[in-house]
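Descriptive structure summary
As a plain string of letters, each chain reads:
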Amino acid sequence: MIGPDGARALRRLAGAGAVRAAGPADSVAGRVPAYVVRPPAVDALAAVLAAANDRDWAVVPRGAGTRMDWGAPPARCDVVLETRALRRVLAHVPGDHVAVVEAGVRAPELDERLRAGGGPPQRLMLDPRGAQRSTLGGAAAAAAAGPGRHRYGTWRDVLLGARFVLADGTVARAGGTVVKNVAGYDLGRLLLGSRGTLAVLVELAVKLHPLPEARATVVVEGVEPGDLVSLGAGLRRSAADVTAAELLWPEGQLVLRVEGSPAVASAEAADLARETGGRLAPPPVADQLWSRVSRRPWDGPGAIVQVAVPLAEVGQLARAVAGLRGRAALGLGLGTGGVRLEAAAEPLAELRTTVERLGGSCRALRVPPELAVAAESRPSPAALRLAAELRAAYDPRSTLSPGRLGWGLP
Amino acid sequence: MAGRMTTPELPNGVAAALRRVVGAAGVLSTPIARRAYECDALTSWRTTPLAVVLPTTTEEVAAVVAVLAAAGIPFVPRGAGTGLSGGALPSTDGVVIGLQRMRAILSVDLANERVVVQPGVTNLQVGAAVAGAGYRYAPDPSSQRVCTIGGNVAENSGGAHCLKLGFTVHHVTGCTLVRSDGSVLQLGGSALDPCGYDALGVVVGSEGTLGIVTEVVLRVVPRPPAVETLVAAFPSPAAAGSAVAAIIAAGVTPVALEMMDRTAIEAVESAVHPGYPAGEAVLLAEVEGSRVRCADELERVRSACRAAGASACRVAADDHERQRLWSGRRAAFAAMGRISRHYYVQDGVIPRTRLAEVLDAIRALAAEHRLRVANVFHAGDGNLHPLVLYDDRVRGERDRAGALATRILDACLAVGGSLTGEHGIGRDKLCQMPKLFGPADQQAMHRLRTAFDPRGLANPGKVLPTPRLCGESPGIYRPHPVERAGLAARW
């Protein structure tokens, strides 16, 4: 509990305007904190975290709050610590295709700065759901990815360096701002997907890609689970440089994207359409399809699970999803995707069992806490032991997002 | 005399326990056998280990490590010993665990585009196992004929084609790790997105300090349908550097973009006759993909080169010519022997926009130190490999070369670069870490190490500086036996 003294300390460290009493809207998976603190700078954020650590207040970091329903509920939650005031783009060198941003920056804010940099347009090529609203730090802590990971990868591919605050207030840095670097441990990579349990990300150096001059979309209709493995293999062997390949299920629509100069994009799209038996989608249709991909499986009721299977098992995965009357967007080239199912123990456990039998794993994203055990693959005892040891090394008092990782971890 | 000094020995009980695990032939304990492991390819650092143990399976590695852990004896994992930062340098009180007998390809699963290997499999063997089916393993360090996957994972190795295709960390989807207490941990697998922390992301590139990787799941990818290779000559290295900046700025990402200066060109022309056009610097650029994409990107690269003042621009007519152009690049380090008795290979990284100015700075520093520097490097990602040429027989040259190499690295750091792009910190750059990372940064890294290895038994004295170890100068190159035999080049 935070008493009047504690509240005064928070105001002193972060500034009076940066602290407010929390309301029900600040609930983190059902736990309402006492205060929401939005420090104006990294130093203040570190001071608040150190003070919380000394006083055994549990702290849950929050960016724009777009993924607070991901993961297990925190065991305790006294302070929600917001990064949204850390919103400067610290550097952008267009010729290097590198930008350094504070963690509270949102993709559109970065884009604006990138446009101002001049030269050929470039962009951070991660396109997770809600990319327009999420902070980059929050998206990184959630390891959120979108269909573009087929070509551009995930946060692990674009994060060049990170600055972060440990639970005791230590501000540290790893990696750098160049595109190739093996100096020291790349701790930024460890923080990706760590859901605010090891450190608070405050600064990210990211690799940018040139924004292609043209994009073309090919859609294949009426795809059955039995077609998927050969379709997937065909895509990977195609001369076309496919940058995204998502299967919308149960529609049976395979949506493919190629990019490049106008001539290259249209030539490769034509090849791809011929190889897959698909057709070129005109721009308005393409926009609709990609918008549907980005909303799937998020929009609508039910539980949402992230799935990953070996490439050759995508057909089996689609069959399982069909049998459970689930809705999904499955990345055909990578064996990953998101599935929405009825929020009940039986279908969730059945999906998990199938995915594990296929050699993959399920991760609960938006799942009611009481169903997390049914929905989520459990890491091995050796992996859980390491996770506990990492927690103990970085946050021995379990100040940051306690219990948020699930599996009974502190 | 040093030769008569008694070297420390492994306690008898420990030696016997190790023999029970790997057999008598798997434990090397004679002074001569141990001395063969006293260094990796950074030969200026040498330490004779207590013993060398050669396990063949994950279970044996785990049992060996458990024996050592019980006795509190540190260990150094070692692949082919081609590392250039002293990452496999033994410690006097420790054991080398050589993984060269673990060279089985455990599975080739093209339906899932994965190959599972033991750590002693060479980089090239992975590619060879899938080449017939039209696949490749993308990371291609120049020592790929001899360097092992275990070492590549430890160093997060790169290579010429990493510019577009990514480094080792982007091609490893799983591994088996033996931790320093002998416990076995599976990280990731064939599928992506495993649950929990992404420990695999930090184990790759951890230089053997978090444990021993005993099985690796690698991603292989289809070969591209078309490839084009262009060689361009420039009136100065700075002009070639401007061309690189222009190519990247134009939004083209070639799969490879390599540069050599005149000194390097002279050495390779006399060694392998690649037939480069005459100039003060040459640029090798490779693009791949569909035919129409190749043609499009090739044209952009060509016009960027011309705009930067290229005096000649030639496209390889066929595979034969392409191989010849690449042969010069691959042979570059080995060819230095033709123009210099000794050299030290530096590995620094700079922002790509600063190439021209840093190359000028290197030239000025070389003149100041009265030494020659040959530049052969991965220009596209700003990863410099200045080769400091010197003659050990000339009094003071070795020290001047060491000083010059350090000044060059400082010049890289001054423009916002890094201490190493692919060779690692190892022992060589241990004491330079504070130039890049402050005490809090190092402390945060140290926490990772202690979480994995609380007793500090895995490859101690590497990556993170300690007061005891620091205060010496960086290593100086002497040719490694593997390299003298022509089996490996430095990249």
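Residues numbered from 1 in each chain as written. Chains lettered and ligands numbered in written order. Predicted model: local features only at pLDDT ≥ 70, side-chain atom pairs only at ≥ 80, totals over all residues. Heavy atoms only, no water.

What about the overall build of chain A?
The test is simple: Comment: elements are numbered from the N terminus, with helices defined as DSSP H or I runs of at least four residues and strands as E runs of at least two. As a reference, a globule follows 2.2 Å times the number of residues to the power 0.38, and the radius of gyration itself is taken over C-alpha atoms. Exposure classes here rest on a 1.4 Å probe applied to the protein chains alone. A residue is buried below 20% of its type maximum, exposed above 50%, and partly exposed in between.
When you go through chain A residue by residue, the secondary structure sums to 14 helices and 19 strands. Since a compact globule built from 410 residues should have a radius of gyration of about 22 Å, the 22 Å found for chain A is in line with a globular shape. Judged by the C-alpha coordinates and their principal axes, chain A covers about 70 × 55 × 40 Å. Burial statistics for chain A: of 410 residues in total, 63% are counted as buried.

Examining the overall build of chain B
The condition is simple: When checking whether two residues touch, look at their non-hydrogen atoms; a contact exists if any pair is within 4.5 Å. Areas reported here follow the Shrake-Rupley algorithm with a probe of radius 1.4 Å; residue values treat only the protein chains shown as occluding. Charge counting treats Lys and Arg as positive and Asp and Glu as negative, with His and both chain ends excluded. Throughout, a charge is located at the NZ atom of Lys, the CZ atom of Arg, the CG atom of Asp or the CD atom of Glu.
Check the secondary structure of chain B and you find 17 helices and 20 strands. The globule rule puts the C-alpha radius of gyration for 491 residues at 23 Å, and the 22 Å found for chain B is close to it. Along the longest, intermediate and shortest principal axes, the C-alpha atoms of chain B span 70 × 60 × 45 Å. Out of the 491 residues in chain B, the part that is buried amounts to 65%. Residue pairs at least 24 apart in sequence account for 73% of intrachain contacts in chain B once pairs closer than 6 positions are excluded. With an accessible surface of roughly 16500 Å², chain B has 53% of that area assigned to carbon and sulfur atoms. Side chains of chain B carry 50 positive and 45 negative charges; the gap between the two charge centres is 5 Å.

Notes on the interface of chain B and chain A
What counts here: Accessible surface is computed with a 1.4 Å probe, and the buried area is the amount of it that two parts give up when combined, taken over both parts together. Only one rule defines a salt bridge in this text: a Lys or Arg side-chain nitrogen within 4 Å of an Asp or Glu carboxyl oxygen.
Contact residues are listed per partner, giving 80 residues for chain B and 78 residues for chain A. Where chain B abuts chain A, roughly 6300 Å² becomes buried across the two surfaces, and 56% of that area is made up of carbon and sulfur atoms. Of all residues in chain B, Cys195, Tyr197 and Arg447 of chain B give up the largest surface area on contact with chain A, accounting jointly for 14% of the area buried on that side. Taken together, the connections running from chain B to chain A amount to 9 salt bridges.

Points about the sheet that holds strand β8 (residues 159–165) of chain A
Residue and element names in this part refer to chain A. Rules: In this analysis, strands are considered paired if DSSP registers two or more bridges between them. For helices, the fitted axis covers only the stretch in contact; all axes are lines through C-alpha atoms, and the angles between them, taken along N-to-C directions, range from 0 to 180 degrees.
An order of β5-β6-β10-β8-β9 is seen for the 5 strands of this open sheet, with the pairing classed as antiparallel. Each of the sheet's edge strands pairs with one partner strand only, and the pair in question is β5 (89–93) and β9 (171–175). Taking each pair of neighbouring strands and ignoring which way they run, the sheet shows an average axis angle of 10°. The pairing of strand β6 (residues 98–102) with strand β10 (residues 200–207) spans 5 bridges and is antiparallel.

Digging into the nonpolar core
As a reminder, the rule being used: Nonpolar cores were defined as sets of buried Ala, Val, Leu, Ile, Met, Phe, Trp, Tyr and Cys residues, with membership established by side-chain atoms within 4.5 Å. An automatic or database domain assignment is the source of the domain bounds shown.
Core analysis: the biggest nonpolar cluster contains 83 residues, and Trp155, Phe164 and Leu390 of chain A together with Leu448 of chain B have the highest contact counts within it. In this structure, this core is formed jointly by two domains, domain 2 (105–222) and domain 5 (434–487) of chain B, each of which donates at least three residues. Setting aside anything within four residues of it in sequence, one finds tryptophan 155 of chain A in contact with Leu124, Leu126, Leu136, Ala139, Ala140, Ala143, Ala144, Leu192, Leu204 and Val206 of chain A. Counting residues in hydrophobic clusters, the runner-up holds 50 residues, among them Leu230, Ile247, Leu365 and Leu371 of chain B.

With respect to the pattern of salt bridges
Opposite charge on two side chains permits pairing when their charged atoms draw close. All told, the structure shown has 50 salt bridges over all chains when counted by the stated rule. Between arginine 62 of chain A and aspartate 26 of chain A there is a salt bridge, and its shortest N-O distance comes to 3.0 Å. Linking arginine 62 of chain A in strand β3 (residues 59–62) with aspartate 26 of chain A in the loop between β1 (19–21) and β2 (35–37), this pair joins segments that are 36 residues apart in sequence. When sorted by exposure, arginine 62 of chain A lands in the same class as aspartate 26 of chain A, which is buried. Put simply, arginine 293 of chain B and glutamate 268 of chain A hold a salt bridge, and the shortest N to O gap is 2.8 Å. Of this pair, arginine 293 of chain B sits in helix α10 (residues 291–307) while glutamate 268 of chain A sits in helix α9 (residues 262–276), placing the two residues on different chains. Of the two residues examined, arginine 293 of chain B and glutamate 268 of chain A, each falls in the buried class. Among the ionic contacts, a cluster of salt bridges with common partners joins Arg20, Asp26, Arg38, Arg62 and Glu82 of chain A.

Examining the packing of aromatic side chains
Residues and elements named next belong to chain A. Threshold: To pair, rings of Phe, Tyr and Trp, with the six-membered ring standing in for Trp, must have centres within 6.5 Å; the planes then decide the type, stacked if under 30 degrees apart, edge-to-face if over 60, and tilted in the middle. In this scheme, Lys NZ or Arg CZ marks a charge over a ring once it lies within 6 Å of the ring centre and within 35 degrees of the ring normal.
Overall, the coordinates contain 1 aromatic pair over all chains when judged by the stated rule. The interplanar angle of 10° and the centroid separation of 5.8 Å between the aromatic rings of tryptophan 70 and tryptophan 298 together place this pair among those described as stacked. With tryptophan 70 in the loop between β3 and β4 (79–82) and tryptophan 298 in the loop between α10 (283–295) and β16 (303–308), this residue pair connects regions lying 228 residues apart in the sequence. Judged by its relative accessible area of 7%, tryptophan 70 is buried. Against the face of tryptophan 290 rests arginine 257, its NZ or CZ located 4.4 Å from the ring centre.

Some details on the side chain of arginine 236 of chain A
Let me state the cut-off plainly: Pairing of N or O atoms within 3.5 Å defines a polar contact, subject to two protein rules: one partner must be a possible hydrogen donor and the other a possible acceptor, and residues neighboring in sequence count only if both atoms are side-chain atoms.
Looking at the element boundaries, arginine 236 of chain A is found in helix α8 (residues 228–237). A polar contact is formed between the side chain of arginine 236 of chain A and the side chain of glutamate 113 of chain B, at a distance of 2.8 Å. Contacts of arginine 236 of chain A, omitting those with residues within four sequence positions, involve Leu311, Leu332 and Gly333 of chain A together with Ala111, Glu113 and Pro222 of chain B.

Examining helix α1 (residues 4–14) of chain A
Structurally, the α-helix is built with 3.6 residues per turn, so residues lying three or four positions apart point the same way. Residues and elements named next belong to chain A. What counts is decided by this rule: Taken from the helix axis, the directions to the C-beta atoms give the arc we talk about.
Along α1, the residues that are buried comprise Gly6, Ala7, Ala9, Leu10 and Ala14. Down the axis of α1, the smallest arc covering the buried residues is 155°, so these residues share one side. Exposed positions of α1 whose direction lies more than 90 degrees from the buried face are Pro4, Asp5, Arg8 and Arg12. Buried residues along α1 sit in contact with β1, β2, α2 (42–55) and β4.

Side note on the domain arrangement of chain B
When cut into domains, chain B gives domain 1 (12–98), domain 2 (105–222), domain 3 (226–333), domain 4 (341–414) and domain 5 (434–487). Centre-to-centre separation of domain 1 of chain B and domain 4 of chain B, based on C-alpha positions: 34 Å.

Quick notes on the packing of helix α8 (residues 237–249) of chain B against helix α13 (residues 355–368) of chain B
Residue and element names in this part refer to chain B. Using the following cut-off: Small angles under 35 degrees read as roughly parallel and large ones over 145 as roughly antiparallel, with 65 to 115 read as roughly perpendicular and the rest as oblique. Handedness of a helix crossing follows the sense of rotation of the near helix relative to the far helix, less than a right angle counterclockwise being left-handed and clockwise being right-handed. Amino acid classes used here: Ala, Val, Leu, Ile, Met, Phe, Trp, Tyr, Cys and Pro are nonpolar; Asp, Glu, Lys and Arg are charged; the rest, including Gly, are polar.
Between α8 and α13, the shortest axis-to-axis distance is 8 Å and the interhelical angle comes to 155°. In terms of axis orientation, α8 runs roughly antiparallel to α13. By crossing handedness, the relation of α8 to α13 is classed as right-handed. For the pair α8 and α13, the contacting residues are Pro237, Ala238, Gly241, Ser242 and Val244 in the first and Leu355, Ala356, Leu359 and Asp360 in the second. The residue makeup of the contact of α8 with α13, split by class, is 6 nonpolar, 2 polar and 1 charged.

Let's talk about unusual backbone geometry
Residue and element names in this part refer to chain A. That bond from tryptophan 249 to proline 250 is cis: its omega, 15°, falls within 30 degrees of zero. Mapped onto the elements of the fold, proline 250 is located in the loop between β13 (242–249) and β14 (253–260). Here the amide bond leading from arginine 296 into proline 297 is cis, since omega sits at 0°, within 30 degrees of zero. In this structure, proline 297 sits in the loop between α10 and β16. Residues other than glycine seldom take positive phi values, yet alanine 29 does so here, at roughly 45°. By the secondary structure assignment, alanine 29 is in the loop between β1 and β2. Take alanine 29: its relative accessible area is 35%, and that puts it in the partly exposed class.

Focus: the pairing of strand β10 (residues 212–219) of chain B
All names here are of chain B. Summarising burial for β10: 6 of the 8 residues are buried, a large majority. Two elements, strand β6 (residues 114–117) and β10, share 4 bridges in a ladder whose sense is antiparallel. Among the inter-strand pairings, valine 117 is bridged to a residue of β10, identified as valine 216. For strand β8 (residues 172–178) and β10, the ladder comprises 6 bridges, and the chain directions are antiparallel. In the sheet register, valine 178 faces β10, and the bridge partner there is isoleucine 212.

So, the sheet that holds strand β16 (residues 342–345) of chain B
All names here are of chain B. One open sheet accounts for 7 strands, arranged β15-β12-β14-β13-β18-β20-β16; its pairing is antiparallel. Two strands bound the open sheet, and with one partner strand each, they are β15 (312–315) and β16. Averaged over all adjacent pairs, the angle separating strand axes in this sheet is 20°, with direction ignored. Pairing of strand β12 (residues 226–234) with β15 involves 4 bridges; the strand directions are antiparallel. Along β15, the bridge assignment pairs valine 231 with arginine 314. The strands touched by helix α9 (residues 262–272) within the sheet are β13 (256–261), β14 (281–289), β18 (372–377) and β20 (386–390), with β13 carrying the most contacts at an inclination of about 90°. The strands touched by helix α14 (residues 397–414) are β16, β18 and β20; relative to β20, the strand with the most contacts, the crossing angle is about 165°.

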